[in-house]
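Examining the three-dimensional arrangement
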Amino acid sequence: MQRLYDKIEKMNKPIIPILISCFFIFSFLSCNQKKEQKVETTIIAQAEMKLDLLDLQQKNKLGKDTMVTIANDPVYHKAKKYKAVNAIVLIKNEIDITKIDPKNTKIVFECIDGYKPEMPLDLFLNAKPYLAFEDVDALKGAQWEPITKNENEMNAAPFYIVYPSVSEKDSHYKWPYNLVKIYLEPLNQSTKELFPTKNKALESGYTLFTNKCLTCHAINGIGGTMGPELNFPKSVTEYWKENELVDYIVNPASFRNKVKMPTPGISKQQSQEIVDYLKYMSENKKKS
């Protein structure tokens, strides 16, 4: 009998490390599968938070159209009439916002020209916004009246967010035209990566930049693409003279004829704060 036990023990010795190896392999594969499922779920969740407006229009899913009047349109600087659809109804038809906390969510507007403004979702939902798709005041044969800014002519097509009950002077509300996509993100997503955590004294410059510049310019790939990337691979502070950059931000038209960059309406001191923040970010470029 003892000989039989010894024989079994000898047989089991090589089996034990094999079983242990199998256990770790199974655990590793299981963890990887969970990670892949989590990534896939995140991608699906992000996709569900985006609206491709041209695609919805093609599928006739924009909703019921109506006529809206804007007493003093901030883009055309006069009274305007548009054919539009209710923007909130459109969003609710495509996104289940009951699963979202509006106070901790932002709505981002993506325009053809690279302009990328954003605002808090709860502010947007309470403003009774409309998605305009046709300019009633346009000349016969045209869908939109041209927009002229700094002697540059632009087109509002294909969509334009308008607010019949919001003052054109309230800068909290965004009026993006040339609009093609809308999506929802956590309120602090992306911009938290740009916060000057190593030097909080620069927070004022960071706030000014995010409010005045980020809709058109990106830092480390985060922000709009209407204007050039300001930090990668080279920071704008590395090839502009600092005093001239400060003056340029205050009044771009004093440097360039027919410049597309608007006058941001800030003081020279505020511009300096933005430049100080940009200098900080030049030492914190994204990793290639």
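Given the structure is predicted, the values throughout are model-derived calculations rather than measurements. (Residues numbered from 1 in each chain as written. Predicted model: local features only at pLDDT ≥ 70, side-chain atom pairs only at ≥ 80, totals over all residues. Heavy atoms only, no water.)

Some words on unusual backbone geometry
Here is the rule we go by: Strands here mean DSSP runs of E at least two residues long; helices mean DSSP runs of H or I at least four residues long; both are numbered from the N terminus.
Omega for the bond connecting Ala-157 with Pro-158 falls within 30 degrees of zero, at 5 degrees, which places this linkage in the cis form. Here Pro-158 lies in the loop between strand E8 (152–154) and strand E9 (159–162). With omega at 5 degrees, the peptide bond leading from Phe-232 into Pro-233 counts as cis. Summarising the element assignment, Pro-233 is placed in the loop between strand E12 (222–223) and helix H7 (242–250). In this structure, Asn-178 takes a positive phi of about 65 degrees despite not being glycine. Relative to the helices and strands, Asn-178 resides in strand E10 (residues 177–186).

Quick look at the packing of helix H6 (residues 203–212) against helix H8 (residues 268–282)
Describing two packed helices takes the angle between their axes plus the distance from one axis to the other. Our working rule: Only the stretch in contact is used when fitting a helix axis, every axis being a line fitted to C-alpha atoms; angles between N-to-C directions are given from 0 to 180 degrees. Throughout this description, any angle smaller than 35 degrees is read as roughly parallel, any larger than 145 degrees as roughly antiparallel, any in the 65 to 115 degree range as roughly perpendicular, and the remainder as oblique. Contacts were defined at the residue level, with two residues in contact if any of their heavy atoms lie within 4.5 Å. Just so you know the grouping, Ala, Val, Leu, Ile, Met, Phe, Trp, Tyr, Cys and Pro go in nonpolar, Asp, Glu, Lys and Arg go in charged, and all remaining residues, Gly too, go in polar.
Running from N to C, H6 and H8 point in directions that differ by 100 degrees, and their axes come no closer than 8 Å. Our classification of the angle between H6 and H8 gives roughly perpendicular. Contact residues: H6 offers Ser-204, Gly-205, Tyr-206, Leu-208 and Phe-209, while H8 offers Gln-270, Glu-273, Ile-274, Tyr-277 and Leu-278. Considered class by class, the residues forming the contact of H6 with H8 number six nonpolar, three polar and one charged.

Notes on the pattern of salt bridges
Stated formally: One side-chain nitrogen of Lys or Arg within 4 Å of one carboxyl oxygen of Asp or Glu is enough to make a salt bridge. Burial classes follow relative accessibility: with a 1.4 Å probe on protein chains only, a residue under 20% of its type's maximum area counts as buried, one over 50% as exposed, and anything between as partly exposed.
Within this structure, the stated rule accounts for 12 salt bridges. Across the salt bridge formed by Lys-80 and Asp-135, the nearest N and O atoms sit 2.8 Å from each other. Taken together, the positions of Lys-80 in strand E3 (residues 78–86) and Asp-135 in strand E6 (residues 130–135) put the pair 55 residues apart, joining distant regions of the chain. Like Asp-135, Lys-80 is buried. Here Asp-247 ties to Lys-268 by a salt bridge, and the two come within 3.4 Å at their closest N and O atoms. Of the two residues, Asp-247 sits in helix H7 while Lys-268 sits in helix H8, which places them 21 residues apart along the sequence. A residue is classified by how much of its surface remains accessible, and Asp-247, at 30% relative accessible area, is partly exposed. With relative accessibility at 52%, the residue Lys-268 sits in the exposed group. Salt bridges here are not isolated pairs; linked through shared partners, they connect Lys-78, Lys-80, Asp-135, Asp-137 and Glu-145.

Considerations on H7
The criterion, for reference: The arc in question is traced by the directions running from the helix axis to the C-beta atoms.
Along H7, the residues that are buried comprise Leu-245, Val-246, Tyr-248 and Ile-249. Buried residues along H7 cover an arc of 165 degrees about the axis, so they all sit on one side. The inward-facing, buried residues of H7 abut H8.

Regarding the pairing of strand E2 (residues 65–73)
Put simply, the rule is: DSSP bridges decide pairing: two strands pair if at least two such bridges lie between them.
Judged from the seven bridges that link them, E2 and E3 form a sheet pairing that is antiparallel. Considered in E3, the bridge of Asp-73 is made with Lys-78. In textbook terms, the turn of a hairpin is the stretch between consecutive antiparallel strands, and for E2 and E3 this stretch comprises four residues, one of which, His-77, has a positive phi near 60 degrees.

Details of the pairing of E6
The buried fraction of E6 is high, at five of six residues. With five bridges joining them, E3 and E6 adopt antiparallel strand pairing. From the neighbouring strand, Lys-83 faces E6, where its bridge partner is Glu-134. The pairing of E6 with E9 spans three bridges and is antiparallel.

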